Amino acid sequence: MSRTVLKTQQHQQLKQEDHSSLKGTLVFVMFVGAFIFVSWFAVFYLFLIRT
Amino acid sequence: MLQSNLAYKLPLTEEPAHVASKDAKLSFVHVVVAFFAFLIGILGGLLQGLARGGIIELPAWLGYYQILTAHGVLLALVFTTYLIFGFFFAGMSRTHGAFSDRLRKMGWAGFIITTIGTLMAASMIIANEASVLYTFYAPLQAHYIFYSGLALFVVGTWVAGAAIMAHYFQWKKEHPGEPTPLFGFMATATLILWVVAGLGVAATVLGQMLPWALGMTDEINVLLSRTLFWYFGHPLVYFWIMPAYMVWYLVIPKVIGGRLFSGSLARLAFILFLLFSIPVGFHHQLMEAGITEFWKYIQTVLTFVVVVPSLLTAFSIFATFEQTGREQGGKGLFSWIKKLPWGDVRFFAPFMGMLVFIPAGAGGLINASFQLNAVVHNTLWVVGHFHLTVGTTVILTFFGMAFWLIPVITGRRLTKSMNRSGMVTTWLWTIGMFLMSGAMHILGLFGAPRRTAYTTYQDHPQAMSWFEGIFASHITVAIGGVILTAAGILMFYNFIYLAWFAPKGETEFPMTPDPDDTPHTPALLENWKLWIGIAVVLILFAYTIPIYDMIVNAPPGSPAFNNLIR
């Protein structure tokens, strides 16, 4: 009986931890970083070919 | 144990708070002035945009630069400032309790002084005595009433700001050892920034421009006036964006049914804005002679530091979305996004603003980089850039805010049809801005200049070729401008309906429940004396030597050039 309760608690905890996942946020911030990087170098390239 | 991120799972610790009716009235007058200025501003933008594209010709009594000045001043200065103060008065009353009679009177005094200043400046623009654009750069000279109006405008906001800050510090005094409410903390950081930044514009307007316009001096030190302007001008950008961030940090989490990811991170971001958004004005003057490379370099480095709190904000807000979406049953890497309230204008309009801030922010980093600035300086790229930052990110966030703030302070309800109208407004504004600002960015990269009326550049083939693209053309800019105007008129209708015609009822002022980490807020973050002290040290470090140099080794003074763009 107590083992079942323990297992349920563990299961609930796992479920709650899943809620705190920030994998999507990680991908988003990486995208933002990449966007900044690419746009910056695109204009820097314009600077280089014009000088 | 992890706590739930969902608002409805949180124990109710207190009764839902309201905006006191007398404070609501003070907030409301600010919102009313803001939206009437908005209407005139966008109509000015339409005329100016069509004239700039060579599609219409302005009548002889209406100058291109006159209308451009009206557009910039009314939208970038008047609309934003009044709406921000309307938001602050309502939000402070909601989170810190009703203002005392004394402080409320101070708020009214601030409103009246600001409005007198606005009317003085506006009357001179209407009289074509102040067609100096919203940056009012010398040696273009406006009528002294315009400069006096500007000074009163700034002083009025200081008086109103003092009332808000006094209300915050009163709360802090009455609750020793407790972290202050996030709304008051953020409003105070924004207002301290505004006051410190305003010193620069006050110095140039009162110390240089007003005596010059009154004929007390014949010449003006242009380099110094531009430097003092940009000492103010860049933090002005943050004065616009920080209240928009407040909506993202404090309101949006509640609207989506969750709560903010971290209060301490939010406080840290606002402290970093206070510290690093002022000693950076030289990145607007990178192409200017008279400032050595060393000081330009120092301020560029500081500019890149002020990117950090914006990146912290991007992380915080997205983390809030993700945690809330997952708790509402969203799975996988991104499918939780579906759980967000896409049909709710209070969420959707600010969200589109956030999305636009990605290219807008990236453009800002390009502007602030010395070599890249040489590519885009004084081109339409810059106009496209600030139409994304203030013209979309801030404005769409403020649109979203209007749909709950106005009903809250007028005792009305947001109806379903008004929500739909708000969604249409948001889409129109986004599409219009994509066309207009997108075309401006590309034209700017080709080299098309800003701050010029319609011209074919003496039919020079290279200049003509800039505008021949399918997307990068005057036509695209004009179509975008027309769509934006339609969106703006619709938004004005939304405002009128929400203010006077929506059904009476109770509307919630959405406010995130306290984030999990609130009890652990580092006391250091609330040490205002420390942060103001560091901000002053950074400003003195970045500006003392260059400004001393501009005064001691001043360039030749310039007489007024007040007839060039009339």
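So, here's what we can say about the structure.

What counts, and at which threshold
- Residues numbered from 1 in each chain as written.
- Chains lettered and ligands numbered in written order.
- Predicted model: local features only at pLDDT ≥ 70, side-chain atom pairs only at ≥ 80, totals over all residues.
- Heavy atoms only, no water.
- Patch = residues over 30% accessible without salt bridge, like charges linked within 9 Å, V, L, I, M, F, W, Y side chains within 5 Å.
- Areas by Shrake-Rupley, 256 points an atom, 1.4 Å probe, with all protein chains shown as cover.
- Salt bridge = Lys/Arg side-chain N within 4 Å of Asp/Glu carboxyl O.
- Helix = DSSP H or I, 4+ residues; strand = E, 2+ residues; numbered from the N terminus.
- Buried < 20%, exposed > 50% of the residue type's maximum accessible area, 1.4 Å probe, protein only.
- Phe/Tyr/Trp six-rings, centres within 6.5 Å; stacked < 30°, edge-to-face > 60°.
- Lys NZ or Arg CZ within 6 Å of the ring centre and 35° of its normal.
- Contact = heavy atoms within 4.5 Å.
- Buried area = accessible area lost by both parts, 1.4 Å probe.
- Polar contact = N/O pair within 3.5 Å; in protein donor to acceptor, adjacent residues only side chain to side chain.
- Nonpolar A, V, L, I, M, F, W, Y, C, P; charged D, E, K, R; others polar.

Focus on a nonpolar patch on the surface
All names here are of chain B.
Phase 1: Residues Leu47, Ile55, Ile56, Ile475 and Ile479 make up a contiguous nonpolar surface patch of about 390 Å² in total accessible area.
Phase 2: In this fold, isoleucine 479 is placed in helix α15 (residues 474–501).
Phase 3: Taking relative accessible area as the criterion, isoleucine 479 reaches 44% and is therefore assigned partly exposed.

Considering the packing of aromatic side chains
Each pair of aromatic rings is reported with the distance of its centres and the angle of its planes.
All names here are of chain B.
Phase 1: The tally for this structure, following the rule as stated, stands at 68 aromatic pairs over all chains.
Phase 2: A centroid spacing of 5.4 Å and a plane angle of 75° characterise the contact between phenylalanine 35 and phenylalanine 79, whose relative ring orientation is edge-to-face. With phenylalanine 35 in helix α1 (residues 21–52) and phenylalanine 79 in helix α2 (residues 64–96), this pair connects stretches of sequence that are 44 residues apart. You'll find phenylalanine 35 and phenylalanine 79 in the same group, each marked buried.
Phase 3: An angle of 80° between the planes, with centres 6.3 Å apart, marks the rings of phenylalanine 88 and phenylalanine 183 as edge-to-face. Of this pair, phenylalanine 88 sits in helix α2 while phenylalanine 183 sits in helix α5 (residues 182–213); the two residues are 95 residues apart in sequence, bridging distant segments of the chain.
Phase 4: You can call phenylalanine 183 buried: its relative accessible area is 2%.
Phase 5: Sitting above the plane of the tyrosine 137 ring, arginine 226 keeps its charged end 4.1 Å from the centroid.
Phase 6: The cationic tip of arginine 267 hangs over the ring face of phenylalanine 185; the distance from NZ or CZ to the ring centre is 5.0 Å.

Topic: the interface of chain A and chain B
Phase 1: Between chain A and chain B, the contact holds 24 residues from the first and 28 residues from the second.
Phase 2: Summing the contributions of chain A and of chain B, the shared interface buries around 2,400 Å²; its carbon and sulfur component is 77%.
Phase 3: Counting the contacts that link chain A with chain B gives zero salt bridges.
Phase 4: Summed over the shared surface of chain A and chain B, the result is six residue pairs in polar contact (both at pLDDT 80 or more).
Phase 5: Every element with two or more residues in the side of chain A that touches chain B is listed here: α1 (2–19) and α2 (23–50) of chain A.
Phase 6: Among the elements that take part in the side of chain A that touches chain B, α2(A) stands out by supplying 17 residues, more than any other.
Phase 7: Residues belonging to the side of chain A that touches chain B are distributed by class as follows: 13 nonpolar, seven polar and four charged.

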